[in-house]
Amino acid sequence: MTNNCPHCQKPIYDDDALLCLYCGESLSRDVGVLGKLKYYRPRIIIALIVLLIVSAFVILIIR
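The following paragraphs examine the structure supplied in this document. (Residues numbered from 1 in each chain as written. Predicted model: local features only at pLDDT ≥ 70, side-chain atom pairs only at ≥ 80, totals over all residues. Heavy atoms only, no water.)

### So, the overall build of the protein chain
Helices and strands together make up the secondary structure of the protein chain, namely two helices and two strands. In the protein chain, the succession of helices and strands from N to C terminus is β-β-α-α. Taking all 63 residues of the protein chain together, 10% fall into the buried category. Within the protein chain, contacts between residues separated by at least 24 positions form 2% of all contacts whose residues are at least 6 apart in sequence. Counting only carbon and sulfur atoms, one obtains 65% of the accessible surface of the protein chain, whose full area is about 5500 Å². (Helix = DSSP H or I, 4+ residues; strand = E, 2+ residues; numbered from the N terminus. Buried < 20%, exposed > 50% of the residue type's maximum accessible area, 1.4 Å probe, protein only. Contact = heavy atoms within 4.5 Å. Areas by Shrake-Rupley, 256 points an atom, 1.4 Å probe, with all protein chains shown as cover.)

Structure representation (structure tokens):
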């Protein structure tokens, strides 16, 4: 499936691209939850790991 860049109108063949290969502008695509983990702040991943460890500790204490 081919999409065009909204700025330069050149074809974009990569469905996962966030920036245009030709002009470098944003393609204004929704990234989604998994995409945010892949492309954005590593703090989200660290926060999820810490939350998982804390919840595992609380479950261990309750038992």
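### Examining the packing of aromatic side chains
The geometry of an aromatic ring pair is captured by the separation of the ring centres together with the interplanar angle, meaning the angle of the planes. On inspection of all chains with the given rule, the structure shows zero aromatic pairs. Here the basic side chain of Lys10 rests over the ring of Tyr22, its NZ or CZ set 5.2 Å away from the ring centre. (Phe/Tyr/Trp six-rings, centres within 6.5 Å; stacked < 30°, edge-to-face > 60°. Lys NZ or Arg CZ within 6 Å of the ring centre and 35° of its normal.)

### A closer look at unusual backbone geometry
In this structure, Gln9 is a non-glycine residue whose phi angle is positive, near 65°. Relative to the elements of secondary structure, Gln9 occurs in the loop between strand S1 (3-4) and strand S2 (11-12).

### What to know about the nonpolar core
Cys5, Ile12, Ala17, Cys20 and Leu27 form the largest nonpolar core, which has five residues in total. Sequence-distant contacts of Cys20, that is, excluding residues within four places in its chain, are made with Cys5, Cys8, Ile12, Glu25 and Leu27. (Core = buried A, V, L, I, M, F, W, Y, C linked by side-chain atoms within 4.5 Å.)

### Notes on helix H2 (residues 42-62)
Taking 1.5 Å of rise per residue, 21 residues should cover 30 Å, and H2 covers 31 Å from first to last C-alpha, within 8% of that figure. With zero of 21 residues buried, H2 is to be regarded as a mostly surface element. (Expected span 1.5 Å × (residues − 1).)

### A short note on the environment of Ser55
Relative to the assigned elements, Ser55 resides in helix H2. Judged by its relative accessible area of 32%, Ser55 is partly exposed.

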